[in-house]
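This is what each chain is made of:
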Amino acid sequence: MPDFAFVPPALTDPNAPTLADRLALRERPMGTPLLRQEWRELLFMHWAVPAELLQAHLPPRLRIDTHDGMAWLAVVPFQMAKVRTRVTPPVPGVDEFLELNVRAYVHLDGVPGVWFFSLDATSPLAVWTARTFFHLPYLRADMRMESPSAQLRQFTARRTHGGAAAAHFRATWKIGAPLPPAEPGSLAFFLTERYALYASNKAQTKLYRGRVAHQPWPLSSAQVLHYESSLIESHGLPTPAGAPVVHAGGPVSVELWPMQRV
């Protein structure tokens, strides 16, 4: 499949969220969260891609979010831990699992968020729960994460979900020095400061939005030493060209609110 071809930046979207809109989402939502969890050992790999290409894969009402005229497509492996509901403690055996997602950034009615093309996970319970109650495209997969040293991480994955397109992933990365907090308006802020997620039904006729709350990401520099993957291609998207923008992140303690129809 061909690589993404560079196109000139698109015209500014008049409905795009303002910086004030983005900063407002740092505020914790009202009410009681449905779930609490911790996200650890993240690797953010982001590629700049033409906005028009990703827009064609979104539900009609969602608009692709851009930074300096370009959309961004990400592959993110990480560890989920301390998963529990608002009324139950973590349950050993089901409160930790590995996850790997393919995501892009979107907005609706001035609210920026994340759109997931897929979320592969090692927990069958998490996959069932997310698909049933959050309308998210979770898929079962075999995964393994290893830490050969304090700085090195190795992550492998193979999708096993029945009826889903086959996909595999393998990456090794080195975690570098801690970075200063992402400056509002910067690329790192745009890519990582996301406090809403969007989902739809299979026909993409119904849209849902969920809120999350956590402290701004503690980020570190990172270097990808090895990468091979068919995750992006499994969604009918071309292989991104060039090296990704890379950050290591976590841990953060996260609260999630129920999805609401929008």
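Here, every reference points to the structure presented above.
Notes on the structure in this doc start here. (Residues numbered from 1 in each chain as written. Predicted model: local features only at pLDDT ≥ 70, side-chain atom pairs only at ≥ 80, totals over all residues. Heavy atoms only, no water.)

Quick look at the pattern of salt bridges now. Tallied over the full model, the rule gives twelve salt bridges. The salt bridge partner of Glu255 is Arg36, with a shortest N-O separation of 3.3 Å. With Glu255 in strand S14 (residues 252-256) and Arg36 in strand S1 (residues 35-40), this pair connects stretches of sequence that are 219 residues apart. Among the residues examined, Glu255 registers a relative accessible area of 16% and is labelled buried. In this structure, Arg40 and Glu38 form a salt bridge, with 2.5 Å as the shortest nitrogen-oxygen distance. Judged by relative accessible area, which is 12%, Glu38 ranks as buried. Each of the salt bridges in this network shares a partner with another, and the network as a whole consists of Glu38, Arg40, Lys82 and Glu96. (Salt bridge = Lys/Arg side-chain N within 4 Å of Asp/Glu carboxyl O. Helix = DSSP H or I, 4+ residues; strand = E, 2+ residues; numbered from the N terminus. Buried < 20%, exposed > 50% of the residue type's maximum accessible area, 1.4 Å probe, protein only.)

Here strand S5 (residues 97-108) lies mainly inside the structure; twelve of its twelve residues are buried. Burial along S5 is two-sided: the face carrying Phe97, Glu99, Asn101, Arg103, Tyr105 and His107 and the face carrying Leu98, Leu100, Val102, Ala104, Val106 and Leu108 are both buried. Bridge count for strand S3 (residues 63-64) against S5 is two bridges, and the pairing is antiparallel. Residue pairing for S5: Ile64 is matched across the bridge by Val106. Pairing analysis gives eight bridges linking strand S4 (residues 71-85) to S5, with the strands arranged antiparallel. (Pairing = 2+ DSSP bridges.)

Quick look at a nonpolar patch on the surface now. A contiguous nonpolar surface patch, about 490 Å² in accessible area, is contributed by Val91, Val94, Leu125, Trp128 and Phe133. Summarising the element assignment, Val91 is placed in the loop between S4 and S5. Classification of Val91 by relative accessible area gives partly exposed; the value is 44%. (Patch = residues over 30% accessible without salt bridge, like charges linked within 9 Å, V, L, I, M, F, W, Y side chains within 5 Å. Areas by Shrake-Rupley, 256 points an atom, 1.4 Å probe, with all protein chains shown as cover.)

This next bit is on the packing of aromatic side chains. Pairs of aromatic rings are described using the distance from one ring centre to the other and the angle between the two planes. All chains considered together, the criterion is met by eight aromatic pairs. For the pair Trp128 and Phe133, a centre-to-centre distance of 5.6 Å together with 85 degrees between the ring planes defines the contact as edge-to-face. Each ring, one from Phe169 and one from Tyr227, has its centre 6.0 Å from the other, and the planes form 70 degrees; the classification is edge-to-face. Of this pair, Phe169 sits in strand S9 (residues 168-178) while Tyr227 is found in strand S12 (residues 219-229), placing the two residues 58 residues apart along the sequence. (Phe/Tyr/Trp six-rings, centres within 6.5 Å; stacked < 30°, edge-to-face > 60°.)

Our next topic: the nonpolar core. Within the largest apolar cluster, 78 residues are counted, with the highest numbers of intra-cluster contacts made by Leu54, Val75, Leu136 and Phe169. No other element matches the nine residues that S4 contributes to this core. (Core = buried A, V, L, I, M, F, W, Y, C linked by side-chain atoms within 4.5 Å.)

The next point concerns the pairing of strand S7 (residues 138-146). Within a regular strand, the side chains alternate between the two sheet faces. Direction of pairing for strand S6 (residues 111-121) relative to S7: parallel, over a ladder of three bridges. Bridge pairing in S7 links Leu119 to Tyr138. Examined bridge by bridge, S7 and strand S8 (residues 152-159) share six bridges and lie antiparallel to one another. Among the inter-strand pairings, Ala141 is bridged to a residue of S8, identified as Arg159. The hairpin formed by S7 and S8 contains five residues between the paired strands.

Turning our eyes to something else, we now look at the environment of Glu96. With respect to the secondary-structure elements, Glu96 resides in the loop between S4 and S5. C-alpha separation for the pair Glu96 and Ala241, spaced 145 residues apart in sequence, amounts to 34 Å. Residues within four places of Glu96 in sequence aside, it is in contact with Arg40, Gln79, Met80, Ala81 and Lys82. (Contact = heavy atoms within 4.5 Å.)

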